[in-house]
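Survey of secondary and tertiary structure
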Amino acid sequence: MGSRQRDGEGMRIHLRTLGCRLNQSEIETMAREFRRQGHEIVDDPALADQIIVNTCAVTEDASRASRRLVRGLNRANDDAAITVTGCYAQIAPDQIAVIPGVARVIDNGAKDRLVTAITGKEIEPFDLEPISRDTPTHLARTRAFVKVQDGCDNACTFCVTTLARGAGRSRALADVVAEIRMLTAMGYQEAVLTGVHLGSYGQDRGERDGLITLVRAILSETDIPRLRLSSLEPWDLTPEFFTLWRDPRLCPHLHLPLQSGCDATLKRMLRKTTQAQFRALIDAARTAIPDPCITTDVIAGFPGETDEEFAISEAFVRAMDFAGLHVFRYSKRPGTAAARMRGHIAEDVKQTRSARLIALGAELERRYAERYIGATRPVVWEHISGAAQEGFVNVGYTDNYIRVSALHPRVLTGLMVPAQITGYDAAKGIASVLPLIEMDMEWT
Ligand code: SF4
């Protein structure tokens, strides 16, 4: 499998990422940086001169998937130079470096300079015009993940991310605003702010309400049609935070990781919240924002979690009436305090508990989505999942994070169009909608 050239001008780059939205935003930024230097982003690894993999280590399964992906890419193209970065590369560089085809292992601290490490060229500051001209059309400009913060100063006992990503650090507000202006000029309909510990934005500079200031600046200084916040630790949010939702461009969607609904378990996790504090926060959010979509993360089978503790956690999750759950089976991570704890739970018990939470999550998600049958919500259309005689199966998300699909004669990808929700398919976890757009209607 010959390649044009491994280094220098006009390389073909294949990019892959695993894990969180932060990884996703980093890979999107790398794509823009490579393109700005005249390199081509290719979807097929077999065509690539350079392959970049942004790995994840949040669970043992994620680490295994990272290794498997790197090996698979080497089999797909044993001539390409593979660069591996991300959290798994951070915590286990030696295990990655020995995989065939791996030319470089770059840790999270040096990730921002990965493109320069490969091309030898410095990254030019954002320039609107060149980018919007040369972005390939297949990269639908729908939702962009924007990294605003990295690292974390907390020490939740199960968490390897805080070990892999280092101390909390925030991007300059002006840089974030400039990037969102550029994304708006490129036609993106939505920006999603991401970070390891998003709620701590600005705290490394001594700013208590840094995230509030940032969101206000983005909403007042850019024309991005829609702004969404990714995961927020519950203890970071002050009552003033919810005043941000006076601006309808801010999506009524909050992802607030709970991890456990039992105070005793929360204590062993070193989580800075309790049932009472979390309930008060949810009440404050629901008072300030009309029926927000509140989703969460829950761990099943944390060390020492008795049947009674699990029952308390499950009951609290149900009582909070979330709109969706991300359920994780506890995974022992090297270097974390929980890994050294006694009372690790048997795999089959973890399996049973996570299955119960997953079923509860599906029920809660159905209940939330069905509340909107008959209602009209703005949808950012993201991709086409199929076609039929009558048209294309368009898929997208409402502002309150309901996944929707519509059979329509037009390709709606990249547009934000209101749609009436007509039904919900619980098995697929998707709502059917009627886009309120005529066939020949001009829409920007
Ligand atoms: S807040 Fe806790 S769970 Fe979140 S990244 Fe920091 S240590 Fe990990």
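Residues numbered from 1 in each chain as written. Predicted model: local features only at pLDDT ≥ 70, side-chain atom pairs only at ≥ 80, totals over all residues. Heavy atoms only, no water.

Moving on, we come to the packing of aromatic side chains. On inspection of all chains with the given rule, the structure shows eight aromatic pairs. With 5.8 Å between their ring centres and 80° between their planes, Phe241 and Phe242 make a pair best called edge-to-face. Using a relative accessible area of 3% as the deciding quantity, one classes Phe241 as buried. On the accessibility criterion, Phe242 (4% relative accessible area) is buried. Aromatic ring contacts, followed pair by pair, group Phe241, Phe242 and Trp245 into a single cluster. The aromatic ring of Tyr397 is capped on one face by Arg143, whose charged end is 4.9 Å from the ring centroid. (Phe/Tyr/Trp six-rings, centres within 6.5 Å; stacked < 30°, edge-to-face > 60°. Buried < 20%, exposed > 50% of the residue type's maximum accessible area, 1.4 Å probe, protein only. Lys NZ or Arg CZ within 6 Å of the ring centre and 35° of its normal.)

With that settled, the discussion passes to empty space enclosed by the protein. Across all of its chains, the model carries one cavity of 30 Å³ or more by this definition. Lining the largest cavity, in full, are Gly199, Tyr201, Gln203, Arg208, Asp209, Gly210, Leu211, Ile212, Asp236, Leu237, Thr238 and Phe241. Along the lines of polarity and charge, the residues of the lining of the largest cavity split into five nonpolar, four polar and three charged. (1 Å grid on protein atoms, 1.4 Å probe; cavity = no way out; pocket = protein on both sides within 12 Å on 5 of 7 lines; lining within 4 Å. Points joined across faces, edges and corners; volume = space filled by probe spheres on them. Nonpolar A, V, L, I, M, F, W, Y, C, P; charged D, E, K, R; others polar.)

The predicted model of the chain averages 92 in pLDDT, with 93% of residues at 70 or higher. Across residues 127-139, where pLDDT falls below 50, the model places 16 contacts with residues more than four positions away in sequence or in other chains. (pLDDT = per-residue confidence, 0-100. Contact = heavy atoms within 4.5 Å.)

So, about helix α1 (residues 21-36). The end-to-end C-alpha distance of α1, which contains 16 residues, comes to 22 Å, matching closely the 22 Å that a straight helix rising 1.5 Å per residue would cover. Most of α1 is tucked away, with 12 of its 16 residues classed as buried. A positive backbone phi angle near 90° is found at Gly38, which sits one or two residues after α1. (Helix = DSSP H or I, 4+ residues; strand = E, 2+ residues; numbered from the N terminus. Expected span 1.5 Å × (residues − 1).)

The buried fraction of strand β9 (residues 190-194) is high, at five of five residues. Residues of β9 alternate between two faces, with Glu190, Val192 and Thr194 on one and Ala191 and Leu193 on the opposite face, all of them buried. Pairing of strand β6 (residues 143-147) with β9 involves five bridges; the strand directions are parallel. Bridge pairing in β9 places Lys147 opposite Thr194. After leaving β9, the chain enters helix α9 (residues 210-221) and then returns to the sheet as strand β10 (residues 226-229), a path that is right-handed. (Pairing = 2+ DSSP bridges. Right-handed = clockwise from strand over helix to strand, strands pointing away.)

Attention now moves to the nonpolar core. Leu193, Phe241, Leu254 and Phe322 are the most contacted members of the largest nonpolar core, which totals 51 residues. Residue contacts for Phe322: discarding those within four places in its chain leaves Leu258, Phe278, Ile282, Arg286, Ile294, Thr295, Thr296, Val317 and Leu364. (Core = buried A, V, L, I, M, F, W, Y, C linked by side-chain atoms within 4.5 Å.)

Moving on to the sheet that holds strand β18 (residues 430-435). If you trace the five strands once around the closed barrel, you get β14-β15-β16-β18-β17, paired in mixed fashion. On average, each strand axis in the sheet is inclined to that of its neighbour by 45°, with strand direction left out of account. Inspection of the sheet shows strand β16 (residues 403-408) paired to β18 by two bridges, in the parallel sense. Directly across from Ser405, in β18, lies its bridge partner Ser432. (Axes fitted to C-alpha atoms, helices over the stretch in contact; angles between N-to-C directions.)

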